[in-house]
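Notes for the structure review
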Amino acid sequence: MTEHVTDDLELYALGALGPGEADGVTAHLAGCPACREELADIATVVNALPDMVALREPPARLKERILSAASTEIPRPARRETAWSVRPRRGWLGVGALAAAAVLLLALDLNSLRELRTAESERAEYALIADKVSHGGTNWYMVGLDQWQGSGGTLFAPGKPDLSPFVVFHDLRPLTGGTMYAVWLVDAGGHWVRGATFTPNGQAIQGVDLTVPVDNFTQCAVTIEMQAEGKRSGPLVMQSRIAPPGQ
Amino acid sequence: MAADTPPADDVLMAALAARDLSALAALYDRYGRLAYALAYRILGESEAAEDVVHDAYISAWRGAATYRRERGNPRGWLLSIVHHRAVDVLRRKTAFRPAPLEVAERRAADEDTALMAEKNVEQQTVRLALQALPDAQRRTIELAYFGGYTHVELAALMGVPLGTVKGRMRIGLQKMRRALEGTRA
């Protein structure tokens, strides 16, 4: 456990810490119920501050924009629920995901790498190449949440039974205070099984092997943890629903 | 969802986690104006505010399963996403320069607030609690929350040590909390 962060909680709640400082507090909060409780008290005041603002009518089109965008992300059966079919809005995503797959392809299939590079602007073609990387398996994209927006990872479940599942992350944020990322698989009953624990290597792309097959799990997720083993206790930084091959 | 009585926020959050679009629509109807007003107050531009609210609601849609009631109510959770995104956008747009304090305060302060705000009890209570603070504490909180300034920037802007900025925030928020608790008791 790192030193308590009580001196910084007001700054954290008001959003007045710099990004690196905020990450340190977030990491501490993941393992410190006492600081979380104190933050919750402070947040009751901070969350009241918007009440000071003069209400303002948003453009009429905004609701439709939101609902339309959300409706494209409702899970669909089987293979259509991939990153490439649901999350291509931001430019970084395409670049990051393509770069992530490129690293894989370097290791797996140089011919596919050339195909990938020529297909960077063609999402559909990319999906086909991703299929090839997976050896007939499938993949899902985990999007970074909140402060981790901009990070992401693609979970590949290769079709060959002798190949382990793996995740290729892009733009992982550095961690502080001895914390580490943990990759989890979650079943329908809400049981979290740790598939990997790792620290970011500072590169734009990082591959991580999972020690657990994805069969019978319904979600994958990444959290920040203080311990290399044990149950999940840290904050969620990315996640995705998954539908393993054959289901 | 039943149509007669509006569902509670917690019910909407559960429905949101179950990917119910009508819950997303209901949360927008309930908090969309406030979310947009908050984003507009921070950014001062309608298009940027619209994009922030759009992204925040989509983020809530994607992350509803991660919501934990013990860390705050759905309204606070949603508005904290809006605030975080709006400040991020603001900081990307405006690299900090040690501007005169008066300029920063004009940007952070909403001069129309008193005229335009709906006169409900909650708004009055929060405004009075903030206005009751000594000027230095009030300005520090406003500049941080609505102006997007970090504590380091605020120390330079106000010409005081970092510890003073931190102390003003802490004492100011403590006083506001006591004032709000007093009126809600």
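Residues numbered from 1 in each chain as written. Chains lettered and ligands numbered in written order. Predicted model: local features only at pLDDT ≥ 70, side-chain atom pairs only at ≥ 80, totals over all residues. Heavy atoms only, no water.

**Here's the deal with the interface of chain A and chain B**
With 55 residues of chain A in contact, the opposing surface of chain B contributes 65 residues. Here chain A meets chain B over a buried area of about 5800 Å², counting both sides, of which 61% is carbon and sulfur. Among the residues of chain A in contact with chain B, Met 52, Leu 55 and Arg 56 of chain A are the three that bury the most area, contributing 14% of the side total. The interface formed by chain A and chain B holds 10 salt bridges in total. A salt bridge links Arg 170 of chain B to Glu 10 of chain A, with the nearest nitrogen and oxygen atoms 3.1 Å apart. Our enumeration of links across chain A and chain B arrives at 15 residue pairs in polar contact (both at pLDDT 80 or more). Mapped by element, the contributors of at least two residues to the side of chain A that touches chain B are helix H1 (9–14), helix H3 (33–46), helix H4 (61–71) and strand S8 (236–241) of chain A. Counting residues per element, the side of chain A that touches chain B draws most heavily on H4 of chain A, which supplies nine residues. Taken together, the residues of the side of chain A that touches chain B break down into 27 nonpolar, eight polar and 20 charged. (Contact = heavy atoms within 4.5 Å. Buried area = accessible area lost by both parts, 1.4 Å probe. Salt bridge = Lys/Arg side-chain N within 4 Å of Asp/Glu carboxyl O. Polar contact = N/O pair within 3.5 Å; in protein donor to acceptor, adjacent residues only side chain to side chain. Helix = DSSP H or I, 4+ residues; strand = E, 2+ residues; numbered from the N terminus. Nonpolar A, V, L, I, M, F, W, Y, C, P; charged D, E, K, R; others polar.)

**A word on the pattern of salt bridges**
Think of it this way: side chains of opposite charge can pair up when their charged atoms draw near. In this structure the tally under the stated criterion is 15 salt bridges over all chains. A salt bridge links Glu 50 of chain B to Arg 65 of chain A, with the nearest nitrogen and oxygen atoms 2.9 Å apart. One end of the pair, Glu 50 of chain B, is in helix H3 (residues 46–63); the other, Arg 65 of chain A, is in helix H4, on a second chain. When its relative accessible area of 3% is taken as the criterion, Glu 50 of chain B is described as buried. Among the salt bridges present, the one from Arg 138 of chain B reaches Asp 135 of chain B, with a minimum N-O distance of 3.5 Å. Here Arg 138 of chain B and its partner Asp 135 of chain B are both found in helix H8 (residues 135–145), three residues apart, which amounts to about one turn of the helix. For Arg 138 of chain B, a relative accessible area of 19% gives the class buried. Among the ionic contacts, a cluster of salt bridges with common partners joins Arg 61 and Arg 65 of chain A together with Glu 50 and Asp 51 of chain B. (Buried < 20%, exposed > 50% of the residue type's maximum accessible area, 1.4 Å probe, protein only.)

**Quick look at the environment of Pro 50 of chain A**
Position of Pro 50 of chain A among the secondary structure elements: in the loop between H3 and H4. With residues up to four places along the chain from it excluded, the contact list for Pro 50 of chain A reads Leu 34, Leu 38, Leu 79 and Tyr 145 of chain B.

**Some points on the packing of aromatic side chains**
Under the defined criterion, the tally for this structure stands at eight aromatic pairs over all chains. Arranged with centres 5.3 Å apart and planes meeting at 20°, the rings of Phe 156 of chain A and Phe 166 of chain A form a pair that is stacked. Of this pair, Phe 156 of chain A sits in strand S2 (residues 152–157) while Phe 166 of chain A sits in strand S3 (residues 166–170), and the two are 10 residues apart along the sequence. Taken as a pair, Phe 156 of chain A and Phe 166 of chain A share a single burial class, namely buried. Connected via pairs of aromatic rings, a cluster forms that spans Phe 169, Tyr 181 and Phe 198 of chain A. Sitting over the ring of Tyr 40 of chain B, Arg 56 of chain A keeps its end group 3.7 Å from the ring centre. A cation sits over an aromatic face here: Arg 41 of chain B above Phe 146 of chain B, 3.9 Å from the ring centre. (Phe/Tyr/Trp six-rings, centres within 6.5 Å; stacked < 30°, edge-to-face > 60°. Lys NZ or Arg CZ within 6 Å of the ring centre and 35° of its normal.)

**Observations regarding the sheet that holds strand S6 (residues 205–209) of chain A**
Residue and element names in this part refer to chain A. With respect to topology, eight strands assemble into an open sheet ordered S5-S4-S7-S8-S1-S2-S3-S6, the strand pairing being antiparallel. Edge positions in the sheet fall to strand S5 (192–198) and S6, since each has one partner strand and no second. Across this sheet, the average inter-strand angle for adjacent strands is 20°, counted without regard to direction. Two strands pair when backbone bridges link them, and strand S1 (residues 138–144) and S2 are joined in this way by six bridges, in the antiparallel orientation. Along S2, the bridge assignment pairs Asn 139 with Phe 156. (Pairing = 2+ DSSP bridges. Axes fitted to C-alpha atoms, helices over the stretch in contact; angles between N-to-C directions.)

**Describing the confidence of the model for chain B**
All names here are of chain B. In this model, chain B carries a mean pLDDT of 84, and residues with pLDDT of at least 70 account for 82%. Counting interchain partners and residues more than four positions distant, the pLDDT-below-50 stretch residues 96–100 has six contacts. Counting interchain partners and residues more than four positions distant, the pLDDT-below-50 stretch residues 111–118 has 16 contacts. (pLDDT = per-residue confidence, 0-100.)

**Details of the pairing of strand S4 (residues 180–186) of chain A**
All names here are of chain A. Burial of S4 is extensive: seven of the seven residues sit out of reach of the surface. Every second residue of S4 is oriented toward a common face, with Met 180, Ala 182, Trp 184 and Val 186 on one face and Tyr 181, Val 183 and Leu 185 on the other, all of them buried. When S4 meets S5, the two strands line up antiparallel, connected through six bridges. When the sheet's bridge partners are listed, Val 186 is paired in S5 with Trp 192. Hairpin connection, S4 to S5: the antiparallel pair is bridged by five residues, and Gly 190 has positive phi, about 85°.

**Notes on the nonpolar core**
Across soluble globular proteins, nonpolar side chains show a tendency to be buried alongside one another. Among the nonpolar cores identified, the biggest contains 84 residues, and Leu 14 and Leu 49 of chain A together with Val 53, Tyr 57 and Leu 154 of chain B are the most heavily contacted of them. The element contributing the most residues to this core is helix H2 (residues 21–43) of chain B, with 14 residues. For Val 53 of chain B, the contacting residues outside a window of four places in its chain are Leu 62 and Ile 66 of chain A together with Tyr 28, Ala 35, Tyr 36 and Ala 39 of chain B. (Core = buried A, V, L, I, M, F, W, Y, C linked by side-chain atoms within 4.5 Å.)

**Let's talk about the pairing of S2 of chain A**
Along a regular strand, successive side chains alternate from one face of the sheet to the other. Residues and elements named next belong to chain A. With six of six residues buried, S2 lies mostly within the body of the structure. Burial along S2 is two-sided: Gly 152, Thr 154 and Phe 156 facing one way and Gly 153, Leu 155 and Ala 157 facing the other are all buried. Relative to S3, S2 is paired through five bridges, and the arrangement is antiparallel. Along S3, the bridge assignment pairs Phe 156 with Phe 166.

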